[in-house]
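# Understanding the architecture of this molecule
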Amino acid sequence: MLEGKKILLGVCGSIAAYKSALLVRLLIKAGCEVQVVLTAPAKTFVTPLTLATLSKNPVLSKFEKDDQGQWENHVELGLWADLLVIAPASANTISKMAHGLCDNLLTAVYLSAKCPIMLAPAMDLDMYRHPATRKNLETLQSFGHLVLEAEHGELASGLVGEGRMAEPEAIFEKIESLLSKKKRFEGKQVLITAGPTFEKIDPVRFIGNHSSGKMGLALAHNMAAEGAEVKLIAGPGQYNIESDLISLIRISSADEMFAQVDSHYSTADIAIFAAAVADYKPAVQAKEKIKKSDQTMTIELVKNKDIAAEMGKRKRKDQINIGFALETEKEEQFAKEKMSKKNFDLIVLNSLNDNGAGFSVDTNKITIFSVDQPPRPFELKSKSKVAADIVNCIHEKIHS
Ligand code: CTP
């Protein structure tokens, strides 16, 4: 199943590095081409000679090729791979990956890689439990990376707890299932709106909201991992795009978002309206900065177009529309009303009454309503896992 697959294996400094030799052996036996990249501390745990012999390839660890006056092309390596596996992934490398630091060949390859990324952390239990490490791992999951959580057991420190790297056989199985997985949305065009919109008052002020766009971004990565071509039409925010199947279209106001959705909707098979679009905009946008004068000030607001409702009117039988609802009261009733008013096939309800759900946080707790199915409540999860649940429901809907 893995015959001919190109695997880039990153190995960090951890006692678990000896297990990466076994992983290389399994991959080579399965017919993969394996290129190992070692960090400098990794060499104290496993020798380059062992990994070079097993992988049948020279092991790389520096930017420059020894004595040849040439550099190791990390961009090429990142593009070459079908999968980048970092096993063991140390706390240090995980932190660098989460923050985009790039001070060695492995992190440079990581930042250049366009392929799916899998990591198997290994560290002592307190490091693994530390909020900084947990946050970094959540960040990496929100980029769409697959994290194989460390296992419980005796650690090199003598302590017992979570921190042991997953066994090479388990990592190998995950690689097999990832690379041989049928891509369920191959050939599908998906349009996703995400983030807030900013409605200008004058050249320096605007009306906006706290949406971070993380949910829409996680949906885009999940859809792209399933083979879909995604147009992500996103309001102000930070969007770290990890797949070349995603085209990011930046907009600022609701009118600009409308214009982009308007021109791309007819070619979309699936449209997901995850943006927190401002319902109103200032009736007049002042050309110059408004000077303060009286004790009070009134800004007249006019309604923005409802993008999802407009597209709902145009929806063809072969298209499906998914909306979001954020409610603080009568959640189920309001969500269902929105679903019918905007002609959604599915609506994802997040309630601000749930801790950990809503804007800016990395987690979300949702219930999915469908026009013809009972409601599906889900546990509190990372936004990337929530996105996977939504994508599964969309798949079921299409095939129901
Ligand atoms: N939506 C949209 N365009 C708008 C307003 C909302 O596309 N101008 C979409 C959102 O992306 C979301 C859904 O409609 O998928 C519901 O958004 P929400 O703001 O909860 O609903 P509203 O219709 O604005 O209702 P209200 O603010 O009164 O709750």
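What you see is a predicted model, and the numbers here were worked out from it, not measured in a lab.

Turning our attention to the overall build of the protein chain. Within the protein chain, the regular secondary structure consists of 13 helices and 23 strands. For a compact globule of 400 residues, the expected C-alpha radius of gyration is about 21 Å, and the protein chain comes in at 24 Å, within 12% of that figure. Along the three orthogonal principal directions, the C-alpha set of the protein chain runs to about 70 × 55 × 40 Å. Considering only intrachain contacts with a sequence separation of at least 6, the fraction spanning at least 24 residues in the protein chain is 66%. For the protein chain, the accessible surface area stands at approximately 19700 Å², while carbon and sulfur atoms represent 51% of it.

Here the focus is the sheet that holds strand E6 (residues 117–121). Read from one edge to the other, the open sheet built from 5 strands follows the order E2-E1-E5-E6-E7, with strand pairing classed as parallel. The outermost strands of the open sheet, each flanked by one partner alone, are strand E2 (33–38) and strand E7 (146–147). Strands in contact with helix H4 (residues 91–99) are strand E5 (83–89) and E6; relative to E6, the strand with the most contacts, it is inclined by about 145 degrees.

To continue, consider the site of the ligand. Neighbouring the ligand are 13 residues, the closest being Phe273, Ala275, Asp279, Lys338 and Lys342. Between the ligand and Lys338, the relevant distance is 2.7 Å, taken from an oxygen atom to a side-chain nitrogen or oxygen of the residue. Protein contact buries 77% of the 570 Å² of open area that the ligand shows by itself. Of the residues contributing to the shell around the ligand, the split by class is 7 nonpolar, 1 polar and 5 charged.

Attention shifts here to the pattern of salt bridges. Going through the model one piece at a time under the given rule, you end up with 18 salt bridges. For the salt bridge of Glu167 with Lys19, the shortest nitrogen-to-oxygen distance reads 3.2 Å. Taken together, the residues span a long stretch of sequence, with Glu167 in the loop between strand E9 (160–164) and helix H8 (168–180) and Lys19 in helix H1 (residues 17–29) at a distance of 148 residues. Taking the relative accessible area as the measure of exposure, Glu167 reaches 27% and is therefore partly exposed.

We now examine the domain arrangement of the protein chain. How big an interface is tends to be stated in terms of accessible area lost as the parts join. Domain parsing of the protein chain yields domain 1 (6–180) and domain 2 (189–398). The centre of domain 1, based on its C-alpha atoms, is set 35 Å off from the matching centre of domain 2. The junction of domain 1 with domain 2 conceals about 830 Å² of combined surface from both sides, 47% of it contributed by carbon and sulfur atoms. The largest per-residue losses of area from domain 1 upon contact with domain 2 belong to Lys114, Gln141 and Phe143, which jointly make up 51% of the total buried on that side. Run the count over domain 1 and domain 2 and you get 0 salt bridges. Seen at the junction of domain 1 and domain 2, the total is 1 residue pair in polar contact (both at pLDDT 80 or more). The element best represented in the side of domain 1 that touches domain 2 is helix H7 (residues 131–142), accounting for 4 residues.

Enumeration according to the criterion identifies 2 aromatic pairs in this entry. Ring plane angle 10 degrees and centroid distance 3.9 Å describe the contact between Phe198 and Phe206, whose orientation is recorded as stacked. Geometrically, the ring pair formed by Phe273 and Phe344 is tilted, given 6.2 Å between the ring centres and 35 degrees between the ring planes. Residue Phe273 is found in strand E15 (residues 270–273), and its partner Phe344 is found in the loop between helix H12 (331–341) and strand E19 (346–351); the two are separated by 71 residues along the sequence. As far as burial versus exposure is concerned, Phe273 and Phe344 are alike and both buried. Sitting over the face of the ring of Tyr128, Arg134 holds its NZ or CZ atom 4.8 Å from the ring centroid.

Throughout the structure, instances matching the rule amount to 0 disulfides. Cys102 takes part in no disulfide bond, and the closest cysteine sulfur, belonging to Cys12, lies 14 Å away. Looking at Cys102, the relative accessible area reads 41%, which means it is partly exposed. Not engaged in a disulfide, the cysteine Cys115 finds its nearest cysteine sulfur in Cys32; these two sulfurs lie 13 Å apart. Assessed through its relative accessible area of 10%, Cys115 is described here as buried.

So, how was this worked out
- Residues numbered from 1 in each chain as written.
- Predicted model: local features only at pLDDT ≥ 70, side-chain atom pairs only at ≥ 80, totals over all residues.
- Heavy atoms only, no water.
- Helix = DSSP H or I, 4+ residues; strand = E, 2+ residues; numbered from the N terminus.
- Rg over C-alpha atoms; globule rule 2.2 N^0.38 Å.
- Contact = heavy atoms within 4.5 Å.
- Areas by Shrake-Rupley, 256 points an atom, 1.4 Å probe, with all protein chains shown as cover.
- Pairing = 2+ DSSP bridges.
- Axes fitted to C-alpha atoms, helices over the stretch in contact; angles between N-to-C directions.
- Near = heavy atom within 4 Å.
- Polar contact = N/O pair within 3.5 Å; in protein donor to acceptor, adjacent residues only side chain to side chain.
- Nonpolar A, V, L, I, M, F, W, Y, C, P; charged D, E, K, R; others polar.
- Salt bridge = Lys/Arg side-chain N within 4 Å of Asp/Glu carboxyl O.
- Buried < 20%, exposed > 50% of the residue type's maximum accessible area, 1.4 Å probe, protein only.
- Domains from an automatic or database assignment.
- Buried area = accessible area lost by both parts, 1.4 Å probe.
- Phe/Tyr/Trp six-rings, centres within 6.5 Å; stacked < 30°, edge-to-face > 60°.
- Lys NZ or Arg CZ within 6 Å of the ring centre and 35° of its normal.
- Disulfide = S-S within 2.5 Å.

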